[in-house]
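# A closer look at the structure
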Amino acid sequence: MAAEPPFAIVIHGGAGTISKAKLTDDQLKQYRAKLTEAVNAGYKVLDDGGKSIDAVQAAINVLEDSPLFNAGKGAVYTWDGKHEMDASMMDGSTMNAGAVAGVSHIEHPIDLARAVMEKSEHVMLSGAGAEEFALTQGFTLVPATTFDTDYRYQQLLDAKAKITAAEKEDYQAKVNPQNLDYKFGTVGAVALDKQGNLAAATSTGGMTAKRYGRIGDSPIIGAGTYAENGVCAVSATGWGEYFIRYHVTGDICARVKYLHKSIIEAADEVINQRLVSAGGTGGVIALDQRGNIATPFNTEGMYRASRKNGEEPLVMIWRDQ
């Protein structure tokens, strides 16, 4: 009897200064439970013979529905007290991609990113235009208050106070970093299905207290999301400006494709060498065509989970657990 082809899914719930001392036992259980639920949702799609693109969407939908993560329900606040969410998806079997940026009334931004990929001639739509397109595709716009949470609002007040104080000094993003707690919280998923197809997807509420319609790396193909059959699938989380400048997810796949690096080596080089030397912080989840997994990060922690065919889910937050 022929061996079953490899299939796997990896998810993340953001990287950053995740302090063991600050997480209560109850909070820890909540995070681990939700990560397990999300990775199992995607795994079931794969186990049933479904497509990788469906698996990543299913996993991210679970995370977007949870206030624990900075995406969908748990989206952070902008400087003006609003929510502006971004998401992207890439199908490695077709190299097709879709993304949305700055949407405020979409319950599951990753679903709209997929609609852009499959139902439009474009790759990225933003703001009111993206929501107008959503209406043509049968989406229901939800009130912006859908994404309000007390926890995130307190984060906004704290961030604004610290940012205002910092702006009394000469500030430039690449040389004078702000508190890292306000820059992270993206969710993402990568998957390999039984047919050998790779897919990647990323969804985020952006950066706490962001201004001027700022867009990070999450909706940008090659920066926050990338997938190509036979090569790899990658989803990123971190300080978006650096992931854009250094083309992080595309760079990792290029190293695998052209330099014949392993997915573990390629991801480590970009996250723990190239990005670190530039001053960038964050991490990625990556998966190759054989089901090999890499989850490097250069921050204190990264919420993540993975599951391969025939195995139980592995859920981790720090390097050792």
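Note that the structure is a prediction, hence the values are computed from the model and not measured.

## Digging into the sheet that holds strand E10 (residues 293-294)
Across the sheet, 4 strands lie side by side as E7-E8-E9-E10; this open sheet has antiparallel pairing. In this open sheet, the two strands that pair with only one neighbour each are strand E7 (225-228) and E10. Bridge count between E7 and strand E8 (residues 232-238): 4 bridges; the pairing is antiparallel. Its bridge partner lying in E8, Thr225 is registered against Ser235. Along the sheet face, helix H7 (residues 248-258) touches E7, E8 and strand E9 (282-288) and points at about 150 degrees away from the line of E8.

## A short note on the packing of helix H2 (residues 52-64) against helix H3 (residues 109-119)
Here H2 crosses H3 at 150 degrees, and the two axes come no closer than 9 Å. The orientation of H2 with respect to H3, classified from their angle, is roughly antiparallel. Between H2 and H3, the contacting residues are Ile53, Asp54, Gln57, Ile60, Asn61 and Glu64 on the first element and Pro109, Ile110, Asp111, Arg114 and Met117 on the second. Across the contact of H2 with H3, the residue classes break down as 5 nonpolar, 2 polar and 4 charged.

## A word on the nonpolar core
Counting residues in each nonpolar core, the largest one holds 50 residues, and the members touching the most others are Ile9, Ile11, Phe69, Leu112 and Tyr303. By residue number, the principal contributor to this core is H2, which donates 7 residues. Setting aside residues no more than four positions away along its own chain, Tyr303 makes contact with Ile11, His12, Gly13, Gly14, Ile18, Leu23, Tyr31, Leu35, Phe69, Met316 and Ile317. Leu192, Ala200, Cys232 and Ala266 belong to the second largest nonpolar core, which has 37 residues in total.

## Let's talk about the packing of aromatic side chains
By the definition in use, this model includes 6 aromatic pairs. Where Tyr31 meets Phe69, the ring centres are 5.5 Å apart and the plane angle is 75 degrees; that geometry is what we call edge-to-face. One end of the pair, Tyr31, is in helix H1 (residues 25-47); the other, Phe69, is in the loop between H2 and strand E2 (85-91), and 38 residues separate them in sequence. Of the residues examined, Phe69 reaches a relative accessible area of 1% and is grouped as buried. Among the aromatic side chains, those forming a connected cluster through ring pairs are Tyr31, Phe69 and Tyr303. Just above the ring of Trp318 sits the side chain of Lys20; from NZ or CZ to the centre is 5.2 Å. Seen from the ring of Trp79, Arg211 lies directly overhead, with NZ or CZ sitting 3.9 Å from the centre.

Quick notes on the rules
Residues numbered from 1 in each chain as written. Predicted model: local features only at pLDDT ≥ 70, side-chain atom pairs only at ≥ 80, totals over all residues. Heavy atoms only, no water. Pairing = 2+ DSSP bridges. Helix = DSSP H or I, 4+ residues; strand = E, 2+ residues; numbered from the N terminus. Contact = heavy atoms within 4.5 Å. Axes fitted to C-alpha atoms, helices over the stretch in contact; angles between N-to-C directions. Parallel < 35°, antiparallel > 145°, perpendicular 65-115°, else oblique. Nonpolar A, V, L, I, M, F, W, Y, C, P; charged D, E, K, R; others polar. Core = buried A, V, L, I, M, F, W, Y, C linked by side-chain atoms within 4.5 Å. Buried < 20%, exposed > 50% of the residue type's maximum accessible area, 1.4 Å probe, protein only. Phe/Tyr/Trp six-rings, centres within 6.5 Å; stacked < 30°, edge-to-face > 60°. Lys NZ or Arg CZ within 6 Å of the ring centre and 35° of its normal.

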